[in-house]
Amino acid sequence: MRPLKTLPLDRESDLRERLIDSFKTPFRPALVVLIGNEIGLSRRLDRTITIGRDPSLEVVLTDAGVSWTHARIEDRGDCWALVDLQSTNGTFVNGARVQECVLRPGDRIVMGPVVARFEVQDEVQQQHNDFVERLINIDELSGLLVRRKFDAELSLMVVAAATTGTAVGLLVMDLDGIKAINDTHGHLFGAYVIGEAGHLIGEVVNNRGQGTRFGGDEFCAALPGCDLQATVEVGNVILRAVNEHRFVREGIVLSPGISIGAAAYPVSAGDPVSLFQRADEAMYRAKRGGKNRVSV
């Protein structure tokens, strides 16, 4: 019987280390928002981050009661520490107000009305939090943001534009012909058209801004850096995308249109609520003007 060959010592050691590494589960620190406008947000920590309402920060919390620059989570090599940045309403860890403290897994952090938790997650927990964040913030039918998340993003865009002296465009959109599709073919056909249109809007808006489905067949898109003219141009791209798309379900060809209203900060309005009203009014002008068009 031939003797078994042994590995050279260096190769044996390398194999052992690789075997041990293969069984290691990567654990990573994360900040998870439990209560607040950004509920569901899971921010993995790989460096020091600053938290507050300032849109330029690593973690932006839009709730009133959170300071512009509220707190910092510092990577100190062997631990993570929370530092309050002289916030107005203070920073609390497990019910106690702190100026600075070392964080431990499970610590509950309160900043104004926001409640967050410091976690150390393995890969499964990370995937779970990603799923929950998507479930909370993404409309399943259209793939766009839910209205709550969109409103928070729009507010951030307007704050950033006010700080930098730039513009924010807003489109309010309503599909034409959905009632007739529902009445003729059933609501599953109408839902199909709404979902397809939402994905088309998402593809156009993709790298330009954010979109939402805020009603049955109603959509919005927020476009940072777009003045009124640029916003109208994006609206026309969406109009063409919907008009040129082949909507077919169960062999039945469906032909929806889309009426789009455009407005822009600051020329149309000075705050997010008024901006939406101006774009909504423009959308109704598109309806009255014959539908399936862009109006301002």
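Bear in mind the structure is a predicted one, so any value in this text is a computation, not a measurement. (Residues numbered from 1 in each chain as written. Predicted model: local features only at pLDDT ≥ 70, side-chain atom pairs only at ≥ 80, totals over all residues. Heavy atoms only, no water.)

Considering unusual backbone geometry
Link 1 in the chain: Of note, the bond from Tyr265 into Pro266 is cis; its omega dihedral lies within 30 degrees of zero at 0°.
Link 2 in the chain: Residue placement: Pro266 occurs in the loop between strand E17 (257-265) and helix H7 (272-288).
Link 3 in the chain: Within the chain, Glu250 stands out as a residue other than glycine whose phi angle is a positive 55°.
Link 4 in the chain: Mapped onto the secondary structure, Glu250 falls in the loop between strand E15 (247-249) and strand E16 (252-254).
Link 5 in the chain: One non-glycine residue with positive phi stands out, namely Asn292, at about 50°.
Link 6 in the chain: Of the residues examined, Asn292 reaches a relative accessible area of 30% and is grouped as partly exposed. (Helix = DSSP H or I, 4+ residues; strand = E, 2+ residues; numbered from the N terminus. Buried < 20%, exposed > 50% of the residue type's maximum accessible area, 1.4 Å probe, protein only.)

Some details on the packing of aromatic side chains
Link 1 in the chain: Across all of its chains, the model carries one aromatic pair by this definition.
Link 2 in the chain: Its guanidinium or amino end placed over the ring of Phe214, Arg147 lies 4.9 Å from that ring's centre, counting from NZ or CZ.
Link 3 in the chain: Sitting over the ring of Phe189, Arg249 keeps its end group 5.3 Å from the ring centre. (Phe/Tyr/Trp six-rings, centres within 6.5 Å; stacked < 30°, edge-to-face > 60°. Lys NZ or Arg CZ within 6 Å of the ring centre and 35° of its normal.)

Topic: the pairing of strand E13 (residues 210-213)
Link 1 in the chain: Where E13 meets strand E14 (residues 218-224), four bridges bridge the pair, whose relative direction is antiparallel. Each residue of the ladder has a partner; that of Thr212, found in E14, is Cys220.
Link 2 in the chain: Between E13 and E14, which pair antiparallel one after the other, the connecting turn spans four residues. (Pairing = 2+ DSSP bridges.)

Observations regarding the pattern of salt bridges
Link 1 in the chain: Scanning all chains against the criterion turns up 14 salt bridges.
Link 2 in the chain: A salt bridge links Lys287 to Asp174; the nearest nitrogen and oxygen atoms lie 2.6 Å apart. With Lys287 in helix H7 and Asp174 in strand E12 (residues 168-176), this pair connects stretches of sequence that are 113 residues apart. Like Asp174, Lys287 is buried.
Link 3 in the chain: With a shortest N-O distance of 2.6 Å, Asp176 and Lys287 are connected by a salt bridge. Residue Asp176 is located in strand E12, and its partner Lys287 is located in helix H7; the two are separated by 111 residues in the primary sequence. For the residue pair Asp176 and Lys287, the accessibility class agrees, reading buried in each case. (Salt bridge = Lys/Arg side-chain N within 4 Å of Asp/Glu carboxyl O.)

Thoughts on helix H3 (residues 147-164)
Link 1 in the chain: Here H3 spans 25 Å end to end across 18 residues, near enough to the 26 Å set by a 1.5 Å rise per residue.
Link 2 in the chain: Lys149, Phe150, Ala152, Leu154, Leu156, Met157, Val158 and Ala161 are the residues of H3 that are buried.
Link 3 in the chain: Following H3 by one or two positions, Gly165 has its phi on the positive side, about 75°. (Expected span 1.5 Å × (residues − 1).)

Remarks on the packing of helix H4 (residues 178-185) against helix H5 (residues 187-205)
Link 1 in the chain: Put simply, H4 and H5 touch, their axes get as near as 6 Å, and they point 145° apart. Of H5, the residues touching H4 (which contributes Ile178, Ile181, Asn182 and His185) are His187, Phe189, Gly190, Val193 and Ile194.
Link 2 in the chain: Partitioning the contact of H4 with H5 into residue classes produces five nonpolar, four polar and no charged. (Axes fitted to C-alpha atoms, helices over the stretch in contact; angles between N-to-C directions. Contact = heavy atoms within 4.5 Å. Nonpolar A, V, L, I, M, F, W, Y, C, P; charged D, E, K, R; others polar.)

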